Amino acid sequence: MAEFKQFNQRNAKAYQQQRNLIKQVLAGKSRCCEHCQQALFVVLPGQSKPAGIYCAKGCTAIELEMAAPSS
Ligand SMILES: [Zn+2]
């Protein structure tokens, strides 16, 4: 099952990179889409599309599972 294992490792790495990207964008750092080099922006819950991180062209579209505010 070497292929399966490799696939999982790649997924885990991509997942980790995505988590880091989300963290940076939410912290107010400007990051660019790796495909189109447009700036990424945050969509918050209650706006016209699902909460997440998007680029202007739509090749980056990471939907966030927003936890309800605890306060
Ligand atoms: Zn893009």
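Below or above, wherever it landed, is the structure these notes cover.

Cut-offs applied
- Residues numbered from 1 in each chain as written.
- Predicted model: local features only at pLDDT ≥ 70, side-chain atom pairs only at ≥ 80, totals over all residues.
- Heavy atoms only, no water.
- Donors = N, O, S within 2.8 Å, 3.2 Å for Na, K, Ca; no water.
- Tetrahedral: all angles 85-135°; square planar, octahedral: opposite > 155°, others 65-115°.
- Buried < 20%, exposed > 50% of the residue type's maximum accessible area, 1.4 Å probe, protein only.
- 1 Å grid on protein atoms, 1.4 Å probe; cavity = no way out; pocket = protein on both sides within 12 Å on 5 of 7 lines; lining within 4 Å.
- Points joined across faces, edges and corners; volume = space filled by probe spheres on them.
- Helix = DSSP H or I, 4+ residues; strand = E, 2+ residues; numbered from the N terminus.
- Nonpolar A, V, L, I, M, F, W, Y, C, P; charged D, E, K, R; others polar.

1. Re the coordination of the zinc ion
Think of it this way: four donors in a tetrahedron around the metal ideally sit 109.5 degrees apart, and six in an octahedron ideally sit 90 or 180 degrees apart.
And then number 1: Within the protein, Cys 33 (SG), Cys 36 (SG), Cys 55 (SG) and Cys 59 (SG) serve as the donor atoms for the zinc ion, at 2.2 to 2.3 Å.
And then number 2: Each of the 4 donor atoms around the zinc ion contributes to a set of angles spanning 106 to 115 degrees, which defines the coordination as tetrahedral.
And then number 3: Residue classification places Cys 33 among the buried positions, given a relative accessible area of 0%.
And then number 4: Given a relative accessible area of 39%, Cys 59 falls into the partly exposed group.

2. Describing the layout of surface pockets
In this approach a probe as big as a water molecule rolls over the atoms, and the regions it shows empty are the leftover space.
And then number 1: In this structure, the largest pocket encloses a volume near 330 Å³.
And then number 2: If you go around the largest pocket, you meet 14 residues; those closest to its centre are Gln 18, Leu 21, Glu 34, Thr 60 and Ile 62.
And then number 3: Secondary-structure elements contributing two or more residues to the lining of the largest pocket are α1 (2-26) and β3 (61-63).
And then number 4: The dominant element in the lining of the largest pocket, judged by the number of residues it contributes, is α1, at 5 residues.
And then number 5: Partitioning the lining of the largest pocket into residue classes produces 8 nonpolar, 4 polar and 2 charged.

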